[in-house]
Amino acid sequence: MQLTSILLLGACLQVTAGVRAQTVSFSGKDVPLERVFVSVEKQTGYVFFFDEAVLAEARPVTVQANHMPLEVFLNTVLKEEGLKFSFQGKTIVISRRPPDPAPAVLPAEASPDPPSDLHGRVTDSAGNPLAGASVAVKGTNLVFSTNDRGDFILKGVKAPAGLVVSYIGFEPKEVTLNGKETYTIGIMLRHNNNPLDEVMIIGYGTTTRRLSTGSVDKVSTAEIEEQPVSNPILALEGRVPGLFITQTAGYEGANLTVSIRGQNGFPSGAPLYTNDPLYVVDGIPFGSAPVEQSSGAFLGAAGFSPLNTINPADIESISVLKDADATAIYGSRGANGVILITTKKGKSGNTKFSADISGGNGKVTKLMPMLNTAQYLSVRQQAFANDGVTPTVANAPDLMLWSQTAYTDFPKLLIGNTAHQSNAALSVSGGDAFTQILFSGSYHRESTVFHTNTADDIVQFHLNLNHKSHDNRFGTTASVNYNVGDNTIPNYNLSVLNYSLPPNYPLYNPNGSLYFGPGYTNPLAAFNSNYNLQSTNLLANGGFHYMLLPGLDFKANAGYNLIDSKAVIITPTSANNPLFNYFPTSQLGDNYIKTYIAEPTLDYTYVLGKGKLTALAGGTWQETQYVQPYFVLGTYTNPELATSLGGLNVLIKESGYTDYKYESGYGRLGYEWDDKYLISGNIRRDGSSRFGSDRQFGNFGSIAGAWVFSKEHFSATLFPWLSFGKLKTSYGTIGNDKIQDYSFESVYNTNGTPYGSTVGITPSNIANPYVQWEVTKKLDAAIELGFLKDRLFVSADLYRNRSGNLLGSSPLPTQAGFSSYTANLPALVQNKGIELELTSTNIKNGPLTWSTSINLTIPQNKLLAFPNLLHSPYANTYVVGQSLNLIRAFHFTGFKNGVAQVEDIEKTGVIAYGLAANGLGDQIIAGNTDPKLYGGISNTFKYKGFQLDFLFQAVKRRGFEGDITNSVTPGQGYDLPQSLLKIPFKYSATFGSPANIGYNYYAGSDAAVGDASFIRLKNVSLAYNVPAKWIRHLKMQTFQAYLHGQNLLTITHYRGMDPETQGLSLPPLKMLIAGIRTTF
Amino acid sequence: MQIKQLKIKYWAPGLAAILLVTLNGCKKLIAINPPTTELVGTVVYTDSATVQTTVVGLYSEMAFNYAAYRYEIATLPGFSADELQYVGNTYNQYIDNGIPVADYGVEDVWSSSYAVLYGVNSVIYGVTNGSGMSTGFRNQAIAQAKFLRAFCYFYLTNLYGAVPLVLTTDVAQNSVLGQSSSAAVYQQIIADLQFAQSNLATDYSASAGQRTMANQSAATALLARVYLYTGDWADAEAQATAMIGNNALYSLATNLATVFTPSNNEAILQFYNDANGFTDYANQVLPNAVAKVPTYILTPQLVNAFEAGDNRKAEWLDSLTYNGTVYYYPYKYKSLVSGANAEYYTLLRLAEQYLIRAEARAEQGNISGAQADINVIRNRAGLGNTTAGDQTSLLAAVAQERRIELYCEWGHRWLDLKRTGTANAVLGAEKTTWTATDVLWPIPSAQIIANANLVQNAGY
């Protein structure tokens, strides 16, 4: 049978002589031909392309070659086999040599005896085979997919026929078979550099921006890598519309507040009920609640984010899923949106090592400038004069006792240090077409800006393995992440009583011990406590898939996550004011969270006419256990035994355990017609152990549709300037079960202290067997437009989420036994908003490229209804028709002789706290703290080896001015922010004086509410890639030197320390890191 | 590789089957482990050993968890009356009888009491409907719960007047329950105490000989007080007599220093200490040993009310001098020594029974009997016999003796002034801020917000 090759190549065919002039060396006796090919592939980078049947007949060869030109070598080896070769790009095509010498490449006349099955291979432009590409036969239901070598066989296809070859991330290609083909077809697909076709990970699958029906945003590894953060979620700040992230504090490991499209429910204080999205790492749900307080209290230490245990360098991409269509597949767990984290996988090819080493420093972004000693003392003297009080040693040690010239800048002393960061990461990856491996390890250390030099040390390992069978029907994958953290950074924030100490406060006694003034506490004492959190995080998952039939895949995945934290806080007597009788105490706690998940799915793809039908059916089973083996608080006498249970006189001891199980059955049906009309629907039935036995299950679903109207004929006529246009909409219902475990049944607990010799038990809750699913209804509509061949891409998203049947702690009169119980609140909360995105490649020609990406979100939060609000403890917190985050404030009417006056709205003659809108007092609604808009602008410049990226983050919102709310009345014995001198307060040193009362009203009035908006240069990254020729002799493939900066510049009118954290938490740090990255 | 053309008949049934199974949901897959560090209510009341821990739990919560029952019911009414003052502004609202409706202490005593009552009602309901217990055990457990229910309601109705009478654990019903009159509450208290009296053990076997759980006598002693408060003089006398006559278990301590020591013969009911080994009350009211700054101090009226030669002044009062001023502070409880367990917080003691009987006898015209009982208390304090010889002066003598003997214990002074109708006269004379409606604390405003059926007390 005669075989000829024809290659239908999208790219040029010619192969330069220079490349072909490569040489190979190989020596061997009776070596199978395949092994020879493998060796050649390794030495030259060429890929062999052959029909396995052809090679099966080949005999082993004996060859001796030393730096033999490639063509000569191939001729030598193949001659005896009756085979010939030809170059096609980076591919060497092996075929049977015709009996007669014939032209090497060009087709001959049609064969008299054409084979019924056509063979082919799909490759990318570099000749790498594309596994899993689909080859659809036009006008039939037939669709074939390529195996791991990129090969396909058109079984039973008779020419003439048209093929549509497509692969995600590549431009699809149409191929016409004219019936004359009797050979192997090579089809080369062009890489699609259009961001519209970049792969996006969604729930249980992938899609592209072009074809997605849901609202999904993706942040890639490149954007994450250039940010010197230890918590990968921080790398998303300012990059994703609809995602609002607030750092609670600037120290490493601090917890984050993350909300996707607003706050859906009431924050009720229960540890599990938050507005947090669902985090999924490689398919495993990942708890975001601070570990050390996961079950049972850990006094004092709150807020170590477990997400800090995920190494940003191991992340391939992060997808943010927002609307019903995208999140429905995660069911109840995804009601607040989903953040999907996908870690890196091994890649086939030569074994590649990479190393990344960096180090740098950080400082607090801004310290509040305080009065100096002279200014402060003059305010104090004026205050005493105003009050007509004579300062004495007892009531004014700052004036009468201490040095009148000493000066300490307390904010600088307490949080003004330099934090140091150092990172080292090594990874190795490699493998062949069937098996790939990636192994990486990293070390990260970051110290703080606190007075004491404490640090967080993290060691991380990541291992990923992939394997596929030769026939591509079976595949298996496994990955393991292991993280060990040792954090000694205390959960320390400033307090008004330490950063605003009189600037002449003497910190030390003459003998060197800490000085405690009358009524003052020495702020350095707190640093005598020892804080240590040791955490480990093991994340392991594995799975397999098996193709039952073409288009029908069965997959099973299972995962395990163990986050363990051991926390110790030792508070010696020296950490407290010696005037009070504090015992040295020690708190020891051990907590872990275990999550198991198993997910079988059945995936089906079917080409129907011009369309593609995809169906997914699956199930999820998840179990999460929160276990606290012990928590103890006790006094110790011997500091050496402070962490020994034997050395403690235990005052409080506790342990905790909760078990949560979740199951779900779901189906997704999608249909894409000609990449033009897209519809998708989800249905699911979720079961949760958090509800009583007859309320455990809930049914939810979503439907979405999209229309790529730019593919319509009229589009080319009407909007010739439009390269892409899509309209999409989705609607769905999603449940939520984020409540305490066991709240549906009555539970007894012990207070831990034996009464005599018996430990008693008491009810710890009121059971509510009627509690049921909270439901959020999500509506989304969007338009996406591409211009100038998609170089300019714009999208606008409108969303409206309504949450009802809110789960939370429903308040009770305490006569019922408890102040609340878990129940569904009748309130209805709405979040709606607009999200805008623009990406543009401004300059593409020549060595310079410049691209810009802008995102902007305009959200609105509103309590739509709350029956019986006035008879609930929320009466002073919420008002129907207002945001959940409303600002309750008095109305400031002016100063009278320096005494602030506020309006007596209810005309009772008394200024009363309470919401006037609900008839409860004199406080008005002075706006809300929701962001009015937020977004980011990022720019990327590339010029030869240089790349510069920078991201500006912008937030417009209101808040209480930090200088006012975090100060005492001017004139009392504490220092003031400089900015307060500009407000005409009458100074007063006396508690209860009109000026003192007036200041307190002022601090809680609309006059103290200001603009907390900011624009922040969130990230700057400058990298230089050393040209390959310079480093080749060092056997390096790439070498990059980089500078990364975080929070370098903040533009704001906010008068506190930082507009993001507000309050007195440590502001986010300004970080500058320099490093090198190389692969070899 | 061979790829077959798709055939619907192969996969469709399989897909349908998976969908059916998963969408139907399987309850077994989400059956969770019970909380291993807690007990599920349904298994608590199935054996007597566990039930015993629920009864102990009631005491443990009162003794260790709720400030109301650790010291507040002693200190806050002390401010409201004329016993206690505080250095600092913290308790001015009590001292000036101008308690805001949202006051923390008023809320705390209310809510803590109802939290205890929820536990009490859970035990009563659980034991009544439970299994694995003998009838005798059942009745003893219920009697313990009912004793504590009576104890809590006694303070609730005395401090707040009409209060919701919650007797079940039904949240729907209890959360909308309105107030019951003080008389109705007393009726329930008496019924509960009578049940407790007939079902509790006569000795302290339930608490291994320590006087830290109620026995029959505790019920009798509280019943005597309740009859006194309700003006049932004959029954008050009878119950007090039963107590005083129980010489096998009870006798007055001859040494005033031992009145509050663990399980002494004067004690009828006490709470254990927590792991600290001293009473929380002492920790609260005693000035700091190092700082030596006064906090809880006695009013001059109280200090001056001690007669000359009263040993109780020497033994139960202490003072410190700060900035040249002498401050007296309560010193009935003295120990702050870690682990010493030198004292237990005492709820009921025999001395009160003498004074109950004295008052009941005086009210019934039994002059000599009343004198005898007063003299027992006076003589122990090193004082001579009372000079009171008629009913009026005897009642005044009883009131004076109660004021001194029971000062700063469980709000006796405040409750006595109110029940004898003398609060207006006495406190009105002492405090310019006093108004007649101050005899009742306000119903906590948060509770009125949460339950629209609650009615605020007059004057708030």
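Described below are features of the structure shown in this document. If you're wondering where the values come from, they're calculated on a predicted model, not measured in any experiment.

1. Some points on the overall build of chain B
Secondary structure summary: chain B contains 20 helices and 9 strands in total. Expressed as a percentage of its 460 residues, the buried residues of chain B come to 56%. In chain B, the proportion of contacts linking residues at least 24 apart, taken out of those at least 6 apart, comes to 71%.

2. A closer look at the overall build of chain A
If you tally the helices and strands in chain A, you get 14 helices and 54 strands. Taking 2.2 N^0.38 as the reference for a compact globule, 1080 residues should give roughly 31 Å; the C-alpha atoms of chain A span a radius of gyration of 34 Å, in line with that estimate. Seen through its principal axes, chain A has C-alpha atoms that stretch 120 × 70 × 60 Å. Among the 1080 residues that make up chain A, the fraction classed as buried is 56%.

3. Concerning the pattern of salt bridges
All names here are of chain B. Enumeration over the complete set of coordinates arrives at 51 salt bridges over all chains. Of the charged contacts, one joins Arg312 and Asp310 as a salt bridge, the two residues approaching to 3.0 Å between their closest N and O atoms. Each member of the pair, Arg312 together with Asp310, is buried. The closest approach of N and O atoms between Glu405 and Arg349, which form a salt bridge, is 2.8 Å. You can see Glu405 sitting in helix H17 (residues 391–405) and its partner Arg349 sitting in strand S9 (residues 345–349), a full 56 residues away along the chain. The residues Glu405 and Arg349 share a single accessibility class, namely buried. Through salt bridges with shared partners, a single network forms among Glu266, Glu307, Asp310, Arg312, Lys332, Arg349, Arg378, Arg380, Glu401, Glu405 and Glu409.

4. With respect to the packing of aromatic side chains
For any two aromatic rings, the description comes down to two numbers: the centre-to-centre distance and the angle of the planes. Residue and element names in this part refer to chain A. Per the counting criterion, the structure on display carries 75 aromatic pairs over all chains. When the ring of Phe895 is compared with that of Phe985, the centres are 5.5 Å apart and the planes differ by 85 degrees; the resulting orientation is edge-to-face. With Phe895 in strand S45 (residues 892–896) and Phe985 in the loop between helix H12 (962–965) and helix H13 (994–1003), the pair connects residues that are 90 residues apart, well separated along the chain. For Phe895, a relative accessible area of 28% corresponds to the partly exposed category. What makes Phe985 buried here is its relative accessible area of 9%.

5. Description of the interface of chain B and chain A
Interfaces are frequently sized by the accessible area removed from exposure as the parts join. Each partner contributes to the interface: chain B provides 77 residues, whereas chain A provides 84 residues. At the boundary of chain B with chain A, total buried surface from both sides reaches about 6,700 Å², with 65% on carbon and sulfur atoms. Here chain B is connected to chain A by 0 salt bridges. Scanning the region where chain B abuts chain A turns up 11 residue pairs in polar contact (both at pLDDT 80 or more). Of all elements in the fold, only helix H1 (8–24), strand S1 (39–40), helix H2 (41–44), helix H3 (48–65), helix H6 (104–129), helix H8 (171–174), strand S5 (267–271) and helix H20 (445–450) of chain B reach the threshold of two or more residues within the side of chain B that touches chain A. A class-by-class count of the residues in the side of chain B that touches chain A yields 44 nonpolar, 26 polar and 7 charged. Looking at chain direction, strand S36 (residues 747–749) of chain A and S1(B) are connected through 2 bridges and run antiparallel. Across the sheet, residue A:Tyr748 finds its bridge partner in S1(B), namely B:Leu39.

Each value, and the rule that gives it
- Residues numbered from 1 in each chain as written.
- Chains lettered and ligands numbered in written order.
- Predicted model: local features only at pLDDT ≥ 70, side-chain atom pairs only at ≥ 80, totals over all residues.
- Heavy atoms only, no water.
- Helix = DSSP H or I, 4+ residues; strand = E, 2+ residues; numbered from the N terminus.
- Buried < 20%, exposed > 50% of the residue type's maximum accessible area, 1.4 Å probe, protein only.
- Contact = heavy atoms within 4.5 Å.
- Rg over C-alpha atoms; globule rule 2.2 N^0.38 Å.
- Salt bridge = Lys/Arg side-chain N within 4 Å of Asp/Glu carboxyl O.
- Phe/Tyr/Trp six-rings, centres within 6.5 Å; stacked < 30°, edge-to-face > 60°.
- Buried area = accessible area lost by both parts, 1.4 Å probe.
- Polar contact = N/O pair within 3.5 Å; in protein donor to acceptor, adjacent residues only side chain to side chain.
- Nonpolar A, V, L, I, M, F, W, Y, C, P; charged D, E, K, R; others polar.
- Pairing = 2+ DSSP bridges.

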